[in-house]
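Secondary and tertiary structure notes
Chain by chain, the residues run as shown.
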Amino acid sequence: MAQVSINRDLDEWGLSTDSGERARLLQSPSVDIAPKSEGEAPPGGLGGGTTSTLGAIFIVVNACLGAGLLNFPAAFSTAGGVAAGITLQMAMLVFIISGLVILAYCSQASNERTYQEVVWAVCGKLTGVLCEVAIATYTFGTCIAFLIIIGDQQDKIIAVMAKEPEGAGGSPWYTDRKFTISLTACLFILPLSIPREIGFQKYASFLSVVGTWYVTAIVIIKYIWPDKEMSPADTLNRPASWIAVFNAMPTICFGFQCHVSSVPVFNSMRRPELKTWGGVVTAAMVIALAVYMGTGICGFLTFGAAVDPDVLLSYPSEDVAVAVARAFIILSVLTSYPILHFCGRAVIEGLWLRYQGMPVEEDVGRERRRRVLQTLIWFLLTLLLALFIPDIGKVISVIGGLAACFIFVFPGLCLIQAKLSEMEEVKPASWWAMVSYGVLLVTLGAFIFGQTTANAIFVDLLA
């Protein structure tokens, strides 16, 4: 098995010498993937990897949990209270798990090992290109959200260090939000984004997991033993309207989106079987649900309708335990941005080479110059947008709509297309049931994406 090994030496910063290299999108940390070979693959499926069932559960949980956790208390507020938020998450979890199983099924059927390759093989060129564009846009938007999170947490930390009230006039120029975000991004994120590969995925994953669980623990503890200066606002007991419930869907989609990285994880398992995989994703989603519900419920009940889109911003700046949570989140985001950028860059690279009609092997000589240019443009655009978009809730809403496409639309299209190709082999009742379910997934995902896009465009215009 070929272990993903990256950034072992300084040569990784320079010209790629591997003429057979292919960019693999969202390759999960610590996942061994065997080269795709017809001779090695057993009949009826792909060759197995080295990941155990327990290891696969951990990787899926790790891919699912992240910075989206901070927005879940606000999602409960948007949905109209605890009961509405729990009901919405439980209902969506059924579709989320089924989408993961569908992707594994289509991966076996198509003998492909990454999300976009499965979509290409099963649904064809047009849908494959749309999928790659959606992935690039999603990773771009998530990078913007990460920079906004860095600014939000730094503002609170700097306010304590400077011993000045937040928002006070006459603050030094070096405490300005735009300067601190730009400085942090240029010093840490940009150098980590330039290399051809990313070798610290394991460490980034560890920081992300530790930070996520710590934030959840702090939110729950602060609800059970609240500080005296924190007084909750009114809490909603029912949704204001059905539209309000639907407005919480993008946040849930963003939080539970691990589908793009799920295909490599499935193929990395020792026994990549659908039954085993169903147990893996069910266990992983239940764990993620517990974390998200713990944070969402306790954060919402602590601050009520006044909860900030980033729940950590609702706590006092002077709270030491919360300050540690902010530091964890900053570290996690600093290392997660380059990984997402790498994924988006890989898609753009593939689209560009395909447009040029040039195999990777023939274009290696220009790889370094193109990579540096793509990285600089990506970095500068995300930084500029982050500096002028103060509300992370708007960004989460938009990229949450795209996440709905990965969770519902593309798996639904894959299921429909796969069953259409098996029309003569499957019993009519089973065939119609699967196709109908695929149509339901596509419709649900298209509804969430359309509503999110409409809100992002028309609400701001009306405001």
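These lines cover the structure that appears in this document, whether it is placed above or below. (Residues numbered from 1 in each chain as written. Predicted model: local features only at pLDDT ≥ 70, side-chain atom pairs only at ≥ 80, totals over all residues. Heavy atoms only, no water.)

A tally of helices and strands in the chain yields 15 helices and two strands. The 463 residues of the chain split such that 54% are buried. Looking at the chain as shown, the accessible area adds up to about 20800 Å², and 66% of this sits on carbon and sulfur atoms. (Helix = DSSP H or I, 4+ residues; strand = E, 2+ residues; numbered from the N terminus. Buried < 20%, exposed > 50% of the residue type's maximum accessible area, 1.4 Å probe, protein only. Areas by Shrake-Rupley, 256 points an atom, 1.4 Å probe, with all protein chains shown as cover.)

What follows deals with the pattern of salt bridges. The final tally for this structure, using the stated rule, is five salt bridges. Asp319 serves as the salt-bridge partner of Lys222, at 2.5 Å between the closest nitrogen and oxygen. Taken together, the positions of Lys222 in helix H7 (residues 201–224) and Asp319 in the loop between helix H11 (274–303) and helix H12 (320–356) put the pair 97 residues apart, joining distant regions of the chain. Note on accessibility: Lys222 and Asp319 belong to one class, buried. Measuring nitrogen to oxygen at the nearest pair gives 2.5 Å for the salt bridge that ties Arg370 to Glu349. Of this pair, Arg370 sits in helix H13 (residues 367–388) while Glu349 sits in helix H12, and the two are 21 residues apart along the sequence. (Salt bridge = Lys/Arg side-chain N within 4 Å of Asp/Glu carboxyl O.)

Turning next to the nonpolar core. Of all hydrophobic cores here, the largest spans 119 residues; its most connected members are Met92, Tyr115, Phe256, Trp277, Met285 and Phe408. Top contributing element to this core by residue count: helix H14 (residues 392–421), with 17 residues. Leave out the neighbours within four places in its chain, and Met285 touches Val60, Cys64, Leu93, Ile96, Ile97, Leu100, Phe256 and Cys258. (Core = buried A, V, L, I, M, F, W, Y, C linked by side-chain atoms within 4.5 Å. Contact = heavy atoms within 4.5 Å.)

Right, let's get into helix H1 (residues 53–64). Between the first and last C-alpha of H1 there are 17 Å, a value that for 12 residues agrees with the 16 Å anticipated at 1.5 Å per step. Inspection of H1 places Ala56, Ile57, Ile59, Val60, Val61, Asn62 and Cys64 among the buried residues, and these make up the whole buried set. (Expected span 1.5 Å × (residues − 1).)

Below, the discussion takes up the packing of aromatic side chains. In total, this model carries 14 aromatic pairs according to the counting rule given. With a centroid separation of 6.2 Å and an interplanar angle of 15 degrees, the aromatic rings of Phe95 and Tyr437 are classed as stacked. Within this pair, whereas Phe95 is found in helix H3 (residues 82–110), its partner Tyr437 is found in helix H15 (residues 428–462), the two being separated by 342 residues in sequence. Ring geometry for Tyr138 against Phe254: centres 6.3 Å apart, planes inclined by 55 degrees, an arrangement best described as tilted. Here the residue Tyr138 occupies a position in helix H5 (residues 125–162), and Phe254 occupies one in helix H9 (residues 249–256), the gap between them amounting to 116 residues. Tyr138 gets classed as buried once you look at its relative accessible area, which sits at 8%. When its relative accessible area of 8% is taken as the criterion, Phe254 is described as buried. (Phe/Tyr/Trp six-rings, centres within 6.5 Å; stacked < 30°, edge-to-face > 60°.)

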